[in-house]
Amino acid sequence: MAQRLAGRFEARPMKAPNLAPMIGVLMAVFAGGVGLAGAAGTTTSVELPLVASIYCGPARHATVLAVGAGGALSFEGRAIETEALDAALAKLAAADHRLAIWARPDTGYGVIQPLITAAGRAGVGVDLISTNAYPEPPDRTSR
């Protein structure tokens, strides 16, 4: 009997299995796993160590704009009003300098975004200074 079955299978090549019915099952298992993982409510935070060898300060040929408490602006170490900022940014664009923005960690993005937009209108490149590397605004403008 074993010879008779062996001859029967040797006469035809093995067909590829049809996996189409399994796709739905696999998707249901995957969706269930994702749903259960999301329902667990646990998250893992990753704290990356600071790397001291990376320079996080203002770029070369950058002027520092510091955003202090309450949104007060300091341009090149001197206080500046929001209305005068466009003229100062136009001077930076003419000198082909960049703007480096330092802001307090509690400053909302709604304060920073108009500054970035104004710099973009003036044609000035913008860099953001890490408050981890500079807890206080840099007191110099690099040229």
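Residues numbered from 1 in each chain as written. Predicted model: local features only at pLDDT ≥ 70, side-chain atom pairs only at ≥ 80, totals over all residues. Heavy atoms only, no water.

### Points about the packing of helix α3 (residues 82-94) against helix α4 (residues 109-122)
- The contact between α3 and α4 brings their axes to 9 Å, and the two run at 45 degrees. On the basis of the axis angle, α3 is oblique to α4. At the point where α3 passes α4, the crossing takes the right-handed sense. Together, Leu-85, Asp-86, Leu-89, Ala-90 and Ala-93 of α3 and Leu-115, Ala-118, Ala-119, Arg-121 and Ala-122 of α4 make up the contact between the two elements.
- Looking at the contact of α3 with α4 residue by residue, the class counts come to 8 nonpolar, no polar and 2 charged. (Axes fitted to C-alpha atoms, helices over the stretch in contact; angles between N-to-C directions. Helix = DSSP H or I, 4+ residues; strand = E, 2+ residues; numbered from the N terminus. Parallel < 35°, antiparallel > 145°, perpendicular 65-115°, else oblique. Left-handed = near helix turned anticlockwise from the far one by under 90°. Contact = heavy atoms within 4.5 Å. Nonpolar A, V, L, I, M, F, W, Y, C, P; charged D, E, K, R; others polar.)

### So, a nonpolar patch on the surface
- A cluster of nonpolar residues, Leu-19, Met-22 and Leu-26, forms a patch on the protein surface that exposes about 310 Å² of accessible area.
- According to the relative accessible area criterion, Leu-19 is exposed, its value standing at 54%. (Patch = residues over 30% accessible without salt bridge, like charges linked within 9 Å, V, L, I, M, F, W, Y side chains within 5 Å. Areas by Shrake-Rupley, 256 points an atom, 1.4 Å probe, with all protein chains shown as cover. Salt bridge = Lys/Arg side-chain N within 4 Å of Asp/Glu carboxyl O. Buried < 20%, exposed > 50% of the residue type's maximum accessible area, 1.4 Å probe, protein only.)

### A few points about the environment of Glu-76
- Examined against the element boundaries, Glu-76 turns out to sit in the loop between β2 (73-75) and β3 (78-80).
- Owing to a relative accessible area of 26%, Glu-76 belongs among the partly exposed residues under this scheme.
- Separated by 13 residues in sequence, Glu-76 and Thr-63 have C-alpha atoms that sit 6.2 Å apart.
- At 3.2 Å, the side chain of Glu-76 and the side chain of Arg-78 are in polar contact. (Polar contact = N/O pair within 3.5 Å; in protein donor to acceptor, adjacent residues only side chain to side chain.)

### Remarks on the nonpolar core
- Core analysis: the biggest nonpolar cluster contains 17 residues, and Leu-65, Phe-75, Leu-85 and Leu-99 have the highest contact counts within it.
- At the level of elements, β1 (62-67), β2, α3, β4 (98-103) and α4 are the ones that each hand at least two residues to this core.
- Core analysis: the next-biggest nonpolar cluster, separate from the first, contains 6 residues, Ala-66, Ala-100, Trp-102 and Ile-129 among them. (Core = buried A, V, L, I, M, F, W, Y, C linked by side-chain atoms within 4.5 Å.)

### Looking at unusual backbone geometry
- In this model, Glu-76 sits at a positive phi of 55 degrees, which is unusual for a non-glycine residue.
- The phi torsion at Asp-96 lies on the positive side, around 60 degrees, for a residue other than glycine.
- Mapped onto the elements of the fold, Asp-96 is located in the loop between α3 and β4.
- Residue class for Asp-96 comes out exposed when judged on its relative accessible area of 66%.

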